[in-house]
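# Structural features, examined
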Amino acid sequence: MRASLSAGKEKLLTRSLKAAAAEQGLWELAVRLRSLAGKDLADQYSTMDMDSEYLLTKVSCQQAFQVQLASPVLPDGPGTVVDIGDSSGAHTRYLKALNPDCRADFLSVNLDPQAVAKIRAKGLKALQARAEGLAGHGVDADVFLLFETLEHLPDPFAFLHDLSSKTRCRRLVLTVPYVRRSRLGLHHIREGLRQPRTAERVHLLEFCPEDLRLLFAHTGWKVEKESIYRQYPLRSPLRAARALWARWDFEGFYGAVLSRDDTWSSLYGSWA
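## Details of the sheet that holds strand β8 (residues 221-230)
Here we have seven strands laid out as an open sheet, ordered β3-β2-β1-β4-β5-β9-β8, and mixed in their pairing. Edge positions in the sheet fall to β3 (126-128) and β8, since each has one partner strand and no second. Averaged over all pairs of adjacent strands, the angle between strand axes in this sheet comes to 20°, irrespective of strand direction. Direction of pairing for strand β4 (residues 143-147) relative to strand β5 (residues 171-178): parallel, over a ladder of five bridges. Residue V143 lies in a different strand from β5, and its bridge partner there is R171. Seen against the sheet, helix α5 (residues 113-121) touches β2 (105-110) and β3 and runs at an angle of roughly 165° to β3.

## Considering the packing of helix α3 (residues 53-70) against helix α4 (residues 90-98)
The description of two packed helices rests on the angle between their axes and on the distance between the axes. Relative to each other, α3 and α4 sit at 55°, their axes nearing to 10 Å. On the basis of the axis angle, α3 is oblique to α4. Considering only the axes of α3 and α4, their crossing is right-handed. In this structure, α3 uses Q63, Q66, V67 and A70 to contact α4, whose residues at the interface are A90, H91, Y94, L95 and L98. The residue inventory of the contact of α3 with α4, partitioned by class, reads six nonpolar, three polar and no charged.

## Some remarks on the pairing of strand β1 (residues 80-84)
In terms of burial, β1 is a largely internal element, five of the five residues being buried. Side-chain alternation along β1 places T80, V82 and I84 on one buried face and V81 and D83 on a second face that is also buried. Note: β1 against β2, five bridges, orientation parallel. Bridge pairing in β2 places V81 opposite F106. One crossover worth recording links β1 to the parallel β2 by way of α4, and it is right-handed. Here four bridges tie β1 to β4, and the two strands are oriented parallel to one another. By the bridge assignment, V81 is partnered in β4 with V143.

## Section: the nonpolar core
In terms of nonpolar packing, the biggest core is built from 40 residues, with L145 and V173 touching the most fellow members. Counting residues per element, the ones that place at least two in this core are α1 (7-23), α2 (27-37), α3, α4, β4, α9 (242-248) and β9 (252-260). Excluding its chain neighbours within four sequence positions, the residues that come into contact with V173 are L69, A70, V73, V143, F144, L145, L146, F147, A256 and V257. Listed in part, the 29 residues of the second largest apolar core include L153, F159, L212 and A256.

## Side note on the packing of α1 against α3
At a closest axis distance of 9 Å, the pairing of α1 and α3 adopts a crossing angle of 25°. Considering their axes alone, α1 and α3 lie roughly parallel with respect to each other. In terms of crossing hand, the pair formed by α1 and α3 is left-handed. Residues E10, L13, T14, L17, K18 and A21 of α1 lie in contact with α3, whose contacting residues are E53, Y54, T57, K58 and C61. Residues belonging to the contact of α1 with α3 are distributed by class as follows: five nonpolar, two polar and four charged.

## Details of the pattern of salt bridges
With the rule as written, the count across this model stands at 13 salt bridges. For E226, the salt bridge identified is with R213, shortest N-O distance 3.1 Å. Remark: R213 occurs in helix α8 (residues 209-218) and E226 occurs in strand β8; sequence separation between them is 13 residues. Look at R213 and you get partly exposed, because its relative accessible area is 37%. Within the structure, one salt-bridge network assembled from shared partners comprises E23, R230 and R235.

Rules of the game
Residues numbered from 1 in each chain as written. Predicted model: local features only at pLDDT ≥ 70, side-chain atom pairs only at ≥ 80, totals over all residues. Heavy atoms only, no water. Pairing = 2+ DSSP bridges. Helix = DSSP H or I, 4+ residues; strand = E, 2+ residues; numbered from the N terminus. Axes fitted to C-alpha atoms, helices over the stretch in contact; angles between N-to-C directions. Contact = heavy atoms within 4.5 Å. Parallel < 35°, antiparallel > 145°, perpendicular 65-115°, else oblique. Left-handed = near helix turned anticlockwise from the far one by under 90°. Nonpolar A, V, L, I, M, F, W, Y, C, P; charged D, E, K, R; others polar. Buried < 20%, exposed > 50% of the residue type's maximum accessible area, 1.4 Å probe, protein only. Right-handed = clockwise from strand over helix to strand, strands pointing away. Core = buried A, V, L, I, M, F, W, Y, C linked by side-chain atoms within 4.5 Å. Salt bridge = Lys/Arg side-chain N within 4 Å of Asp/Glu carboxyl O.

Below is the structure:
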């Protein structure tokens, strides 16, 4: 995306992000998170440099949406929160700072050794493991966080069912890119980009909200809360930026808080 954006488009999208976050009640939180992160916000990803105001604004607004979704469902007392796919430890730091009475232990999980080393260097707990292999490492949690990770997994059906049926999980909080129609990702193949890719840079399946609800029900979950964060405002001329977002990135992100419910998953007799 960055290589295709001119400085003028980046400036326009940055204005869109700020207006959208303000309209959706997220801007003050985004500013606070950016202050909490300081220079560490620039190391959010292992495969991309956060080297512009546009990227820093984009990530801080997105994180505000995620943190706002997760804060109300943290354990009331002692417990465990596992952030699957965490690349920097940011959400752990934010949630601890915003919820000082939370006594839960936090653990970050990532397949990338560079991400794990980065998180540990900040004094946080991290495990190098595949998201699908947590049971083999004895990982369990009261709350699982899954931010921008589901779309990278080759088998989201088995993964979600394992979390609902083989853990004590009380809540699963996730966000994914918002798309109006479900589709295969594999955007690097669409664009003919032959460079080597890591899992962090490849979307496999991108589900629309309607299909996500079916996926959740089938794999043992019910939706307690859902929300869509838009990267463009509705009540401003900047709403025209929707077309740019749809072309160059995503219109926004879908988020949900899930709790276990095997009403539908128990009727499917072919789980491995």
